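Residue-level structural notes
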Amino acid sequence: MDRQAAKRGVGLALGGGSARGFAHVAVLQALDEMGVRPAAIAGTSMGGIIGAAYAAGMTGNEISDYVAGIFRTRSEFLARLWQLRPRRFNEIAFGFGQLNLERALDIFMPEGMPATFAELRTPLRVVATDYYAGDAATIDEGPLFPALAASAAIPILFRPVTVGGRVMVDGGICNPVPFDQLHDCGIVIAVDVLGNVVGGDGTRTPGAFESAFGAVQLFQCSLFRERLKGPRPPEILIRPPTGRFGMLDFTKAAAIMAASEPVKDEVKRKLHHALAAAG
């Protein structure tokens, strides 16, 4: 299977979705169990962060164990988050402190992560949004953490990140699931963790912050549906069941990963068929 995948070139596109991005782990575990290593990985926002850990050589199980440990308790998560509090007045916007995501990655990412794209074991392409150009920007070289921070810099919550002289914000604004970055791969697996619904019982009125995030999610879902109508959609599309979780449910990481377990069989079945069809 590994030789077949290498010959055909399996590309893995991991989409944005904040806390829902922990659902990507089940897909990584399925690939590990099949003995398939992607020829390239493309990621947006949380998909880029999870993809970077995988591209660095961590297994799906290792990422799962690490995430479960980091977000095991609310108090442990908040203690780490407290280190990111704004310390100057000019870091506060609209009543919220804009967090420094580069610092957050230093605090939350595993120790020993490569410093640059060149040090990764698997090629990685990270998608951010160029704020002033108003278009997607693909980053695949240079320092790793600034690129990951740029890709996941959700407006208002995180400060924009400058990479290569360009001001970047969250990549999901332009490209929620970057399967188009893998057209050089024979088989592309795209993982959409956004879900088709915002979540909830359909009757409760969301608060200002929740509705803002929900509106962004709805926009990204609509954008992704349009991108799927392009000339080459992904050969395999996986949608883990993340709808009941909120975008900021980081302390429910273990539950999100557990709920996504059933997609492992779907990944294996669809990839077996795709590889067989490819010969």
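Just above sits the structure.
Now for a look at the structure at hand. (Residues numbered from 1 in each chain as written. Predicted model: local features only at pLDDT ≥ 70, side-chain atom pairs only at ≥ 80, totals over all residues. Heavy atoms only, no water.)

**Considering helix α3 (residues 46-55)**
Here is the rule we go by: Only protein chains enter the accessibility calculation, which uses a 1.4 Å probe. A residue is then buried if its area is under 20% of the maximum for its type, exposed if over 50%, and partly exposed in between. Per the convention used, a helix needs a DSSP run of H or I reaching at least four residues, while a strand needs a run of E reaching at least two, with both numbered from the N terminus.
Among the 10 residues of α3, 10 are classified as buried, and the element is accordingly described as predominantly covered. Among all positions in α3, only Met 46, Gly 47, Gly 48, Ile 49, Ile 50, Gly 51, Ala 52, Ala 53, Tyr 54 and Ala 55 are buried. Phi turns positive one or two residues past the end of α3, at Gly 57, with a value near 120°.

**Structural notes on the pattern of salt bridges**
Our working rule: Salt-bridge detection follows one rule: a side-chain nitrogen of Lys or Arg within 4 Å of a carboxyl oxygen of Asp or Glu.
Inspection of every chain in the model, using the stated rule, returns 11 salt bridges. A salt bridge links Glu 33 to Lys 264, with the nearest nitrogen and oxygen atoms 2.8 Å apart. Of this pair, Glu 33 sits in helix α2 (residues 24-34) while Lys 264 sits in helix α10 (residues 263-278), and the two are 231 residues apart along the sequence. What makes Lys 264 buried here is its relative accessible area of 12%. Among the charged side chains, a salt-bridge network with shared partners connects Glu 33, Glu 261, Lys 264 and Lys 268.

**Side note on the packing of aromatic side chains**
The cut-off we apply is this: When the centres of two rings from Phe, Tyr and Trp lie within 6.5 Å, Trp using its six-membered ring, the rings pair. Their planes under 30 degrees apart give stacked, over 60 give edge-to-face, and anything left gives tilted. Only when the NZ atom of a Lys or the CZ atom of an Arg is both within 6 Å of the ring centre and within 35 degrees of the ring normal do we say a charge sits over the ring.
Using the criterion set out here, one finds six aromatic pairs in the structure. Taking the centre distance of 5.3 Å and the plane angle of 55° together, the rings of Phe 22 and Phe 71 count as tilted. With Phe 22 in the loop between β1 (10-14) and α2 and Phe 71 in the loop between α4 (60-70) and α5 (74-82), this pair connects stretches of sequence that are 49 residues apart. Phe 71 sits in the buried class, given a relative accessible area of 11%. Ring plane angle 5° and centroid distance 5.9 Å describe the contact between Phe 71 and Phe 108, whose orientation is recorded as stacked. Taken together, the positions of Phe 71 in the loop between α4 and α5 and Phe 108 in helix α6 (residues 101-108) put the pair 37 residues apart, joining distant regions of the chain. You'll find Phe 71 and Phe 108 in the same group, each marked buried. Grouping aromatic residues by their ring pairs yields a cluster made of Phe 22, Phe 71, Phe 108 and Phe 250. Lying across the ring of Tyr 54, Arg 37 places its NZ or CZ 4.1 Å from the centre.

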